[in-house]
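The primary structure of each chain is shown beneath.
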Amino acid sequence: MTGSAGTGQLTSLAFRRDRVMLPACVWGIVAVLAITARDLKVLYPTPARRLAVATSAGENPALRFLLGRLNGTSVGAFLAARWGVWGAAAAVLLTIFIMVRHTRADEEAGRLELVGSAAVGRQAPLIAALLAAATANVAIALLTCLWLPALRLPLAGSAALALSIAGCGLAFAGVAAVGAQLATTARGARGIAIAALGAAFVLRAVGDTGPAGLAWLSWASPLGWVESTRAFGSSGERWWALALPLAASAVLVAVAFALAAGRDHSAGLLPARPGRPAASGLLRGPFGLAWRLQWGPLAAWVAGCVFAFAACGAAAKAIGSILSASPALRHYLLRVGYQATLSDAYLSALMLLAGLAAATYATSAVLRLRTEETGNLAEPVLATATGRIRWGLSHISVAVGGACLLLATAGLSAGLGYGILTGSVSTQVPALLGAAAARLPATMALAAVAVLLFGLLPWESTGLAWSAVALAGVIAVFGPPLRWPAWMMDISPFTQTPKLPGGAAPAEPLLWLGGITLTLAVAGLAGLRHRDIGDFGPSHLSCLVRDWIAGDPHQSNEVPPPAAARDTAQPPRTTNPDMPSQPPNQAHRTGCSAPGAHLEPGH
């Protein structure tokens, strides 16, 4: 049996597992790219306007830090500068999650051990993951090459941009493959790959914004190679630069295969750090345990906020000169920020993004409860003297504290970034800290929605909670410029928060949001106290909805009886001896069953 035996079957399995996520992410990346290209053609239709923006952007190091170098004044050059680095980063993140999901994550969960017991080669899982990741990047490149020329952008520049983004993704497929061999956990493998992405971004940013002697740093970064291709550049494309990510990918993949062949199954090459002989006092209760589990992701969020909002705050100084070339963009920003001046509108919109980022973190921290439950890690905690309410509050407290920390970090970083350049640190830092704090009630409202769903609809909680965050973000960002009706705008809690800096700060909406948040959280905790722990099936409501969609609304009209009742129920009498004495269980026909009871309610 060769080392690649069973690759075809594992590749098919990988595509089947990702049949929803993979197309959605690929189409999402390409759609954002196409929408950005269309918007740039509308916002900067004339060469004179684009030249004015290019001049202002070239003089602002914060914009070069965020977006990179501008290699021309055409719409395509603007697109490459606006989306080249961030589009590549999006493709890289998708590639990292695909690679780790089908290698180290499956190995950690024990699935590859079961697969390896069949006629499957040792290298087949890694080959299948690489094929899935390569297919995603090739699809991004093909769709980009088809979509951008349809928007009347040059074919050569479209191909150069598409291939550079896909090449960067392939380079990080090798990075993720090596990380999966080094780390012993999926979280560690993702951390290695994402840390490499962060280092690549910093190298590219320093090379673009630093003195001329540091420009070579951009060539040490795969994100810098995207810029070096010079898609839509005024002096032509550098096609030879596309060989750099391909060569890096080939070398890294070869290293990954060599490492995979020399290590033990379920083991990483980086030695596991031995723990303390005895647990610290922090781990004597559920709150300390929740903090121990979640401090790593929170630290990564804080670091990202420091870099992103400091750079965005520094870019506020040049926002007036940039927006003067586009009345449409100025009108959009004023409506999103609800302000009369461009600087206040920009900073208000920036704090709105900070609120959405904090809500995203808070939701993920709350949903860690569901991860603990489905991983059978909640039962050992609840088997002690810890009750359900304390267990739930332990993770909720981390979500609340983390959201407050992220908002404070965003306000402080943006205030320092803007205040240092304008010489007004003493006024800008307090103003932006207050603006960030004003978004806290809306952030907590979305976290409370996650608590409610986890307590009442555990099986559906993850999808519905993230849908609520996405809906709030879409309404807050696109609702004001598109003049959506008031009832639709009121769905998002961010519509009710004060529009700071520069606006009024009434207390009544904040009190209403606080009351709604408290009500939702209490209802969710009450549901958690009375439902089954280890409920891995859909709720009865989901069964009814699914059967109604399938065209059989009467199939699940009754809740399936508990297991004990089914065991003691007497079979109905039948007149035909050939017929079964008891009809099949309703739950088996619908796929919905009564929730399991690993722990009794009220523990």
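Notes on the structure follow. (Residues numbered from 1 in each chain as written. Predicted model: local features only at pLDDT ≥ 70, side-chain atom pairs only at ≥ 80, totals over all residues. Heavy atoms only, no water.)

### Thoughts on helix α23 (residues 508-530)
Okay, so step 1: In this model, α23 (23 residues) spans 34 Å end to end at C-alpha, consistent with the 33 Å of a helix rising 1.5 Å per residue.
Okay, so step 2: Turning to α23, its buried residues are Leu-513, Thr-517, Gly-524, Leu-525, Gly-527 and Leu-528.
Okay, so step 3: On its buried side, α23 packs onto α18 (388-422) and α20 (440-456). (Helix = DSSP H or I, 4+ residues; strand = E, 2+ residues; numbered from the N terminus. Expected span 1.5 Å × (residues − 1). Buried < 20%, exposed > 50% of the residue type's maximum accessible area, 1.4 Å probe, protein only. Contact = heavy atoms within 4.5 Å.)

### Remarks on helix α2 (residues 21-43)
Okay, so step 1: The terminal C-alpha atoms of α2 lie 32 Å apart, and with 23 residues this matches the ideal 33 Å at 1.5 Å per residue to within 8%.
Okay, so step 2: Those residues of α2 not exposed but buried are Leu-22, Val-26, Ile-29, Val-30, Leu-33, Ala-34, Thr-36, Ala-37, Leu-40 and Leu-43.

### Remarks on the packing of α20 against α23
Okay, so step 1: The N-to-C vectors of α20 and α23 enclose an angle of 20°; their axes lie 7 Å apart at closest approach. One finds that α20 runs roughly parallel with respect to α23. Between α20 and α23 lies a crossing whose hand is left-handed. Only Leu-510, Leu-513, Thr-517, Leu-520, Ala-521, Ala-523, Gly-524, Leu-525, Gly-527 and Leu-528 of α23 make contact with α20, whose side of the interface consists of Pro-441, Ala-442, Met-444, Ala-445, Ala-448, Val-449, Val-451, Leu-452, Phe-454, Gly-455 and Leu-456.
Okay, so step 2: Its residues placed into classes, the contact of α20 with α23 shows 17 nonpolar, 4 polar and no charged. (Axes fitted to C-alpha atoms, helices over the stretch in contact; angles between N-to-C directions. Parallel < 35°, antiparallel > 145°, perpendicular 65-115°, else oblique. Left-handed = near helix turned anticlockwise from the far one by under 90°. Nonpolar A, V, L, I, M, F, W, Y, C, P; charged D, E, K, R; others polar.)

### Quick word on the packing of helix α9 (residues 155-182) against helix α10 (residues 186-209)
Okay, so step 1: With their axes 7 Å apart at the nearest point, α9 and α10 run at an angle of 140° to one another. With respect to their mutual orientation, α9 and α10 come out oblique. The chirality of how α9 crosses α10 is right-handed. Between α9, through Phe-172, Val-175, Ala-176, Gly-179, Ala-180 and Leu-182, and α10, the contact on the second element is made entirely by Ala-189, Ile-192, Ala-193, Ala-196, Leu-197 and Ala-200.
Okay, so step 2: Its residues assigned to classes, the contact of α9 with α10 shows 11 nonpolar, 1 polar and no charged.

### A word on a nonpolar patch on the surface
Okay, so step 1: On the surface, a cluster of nonpolar side chains totalling about 470 Å² of accessible area is made up of Leu-282, Leu-283, Leu-289, Trp-291 and Trp-295.
Okay, so step 2: Take Trp-291: it is sitting in helix α13 (residues 286-315).
Okay, so step 3: Note on Trp-291: relative accessible area 40%, which makes it partly exposed. (Patch = residues over 30% accessible without salt bridge, like charges linked within 9 Å, V, L, I, M, F, W, Y side chains within 5 Å. Areas by Shrake-Rupley, 256 points an atom, 1.4 Å probe, with all protein chains shown as cover. Salt bridge = Lys/Arg side-chain N within 4 Å of Asp/Glu carboxyl O.)

### Thoughts on the packing of aromatic side chains
Okay, so step 1: Evaluation of the coordinates by the stated rule reveals 5 aromatic pairs.
Okay, so step 2: With a centroid separation of 5.4 Å and an interplanar angle of 50°, the aromatic rings of Trp-86 and Phe-201 are classed as tilted. With a gap of 115 residues between them, Trp-86 in helix α5 (residues 75-101) and Phe-201 in helix α10 connect regions that are remote in the sequence.
Okay, so step 3: Under the relative-accessibility criterion, Trp-86 is labelled partly exposed at 37%.
Okay, so step 4: Since its relative accessible area comes to 17%, Phe-201 is described here as buried.
Okay, so step 5: Pairing Trp-219 with Trp-240 gives two aromatic rings, centres 5.8 Å apart and planes at 5°, and the pair type is stacked. Of this pair, Trp-219 sits in the loop between α10 and α11 (222-228) while Trp-240 is found in the loop between α11 and α12 (243-262), placing the two residues 21 residues apart along the sequence.
Okay, so step 6: According to the relative accessible area criterion, Trp-240 is exposed, its value standing at 54%.
Okay, so step 7: Over the face of the ring belonging to Phe-201 we find Arg-204, whose NZ or CZ atom lies 4.8 Å from the ring centre. (Phe/Tyr/Trp six-rings, centres within 6.5 Å; stacked < 30°, edge-to-face > 60°. Lys NZ or Arg CZ within 6 Å of the ring centre and 35° of its normal.)

### Side note on unusual backbone geometry
Peptide bonds are, in most cases, trans, and in most cases residues other than glycine have a negative phi.
Okay, so step 1: A positive phi is found at Arg-152, a non-glycine position, where the angle reads about 65°.
Okay, so step 2: In this fold, Arg-152 is placed in the loop between α8 (124-150) and α9.
Okay, so step 3: We note that Phe-232 has phi near 60°; this positive angle belongs to a residue other than glycine.
Okay, so step 4: Along the chain, the position of Phe-232 falls in the loop between α11 and α12.

### Focus on empty space enclosed by the protein
Okay, so step 1: Counted by the stated rule, this structure contains 3 cavities of 30 Å³ or more.
Okay, so step 2: Reported here for the largest cavity is a volume of approximately 110 Å³.
Okay, so step 3: Asn-71, Ala-80, Ala-81, Val-226 and Glu-227 are, among the 15 residues lining the largest cavity, the residues nearest its centre.
Okay, so step 4: Mapped by element, the contributors of at least two residues to the lining of the largest cavity are α5, α9 and α11.
Okay, so step 5: The residue inventory of the lining of the largest cavity, partitioned by class, reads 9 nonpolar, 3 polar and 3 charged. (1 Å grid on protein atoms, 1.4 Å probe; cavity = no way out; pocket = protein on both sides within 12 Å on 5 of 7 lines; lining within 4 Å. Points joined across faces, edges and corners; volume = space filled by probe spheres on them.)

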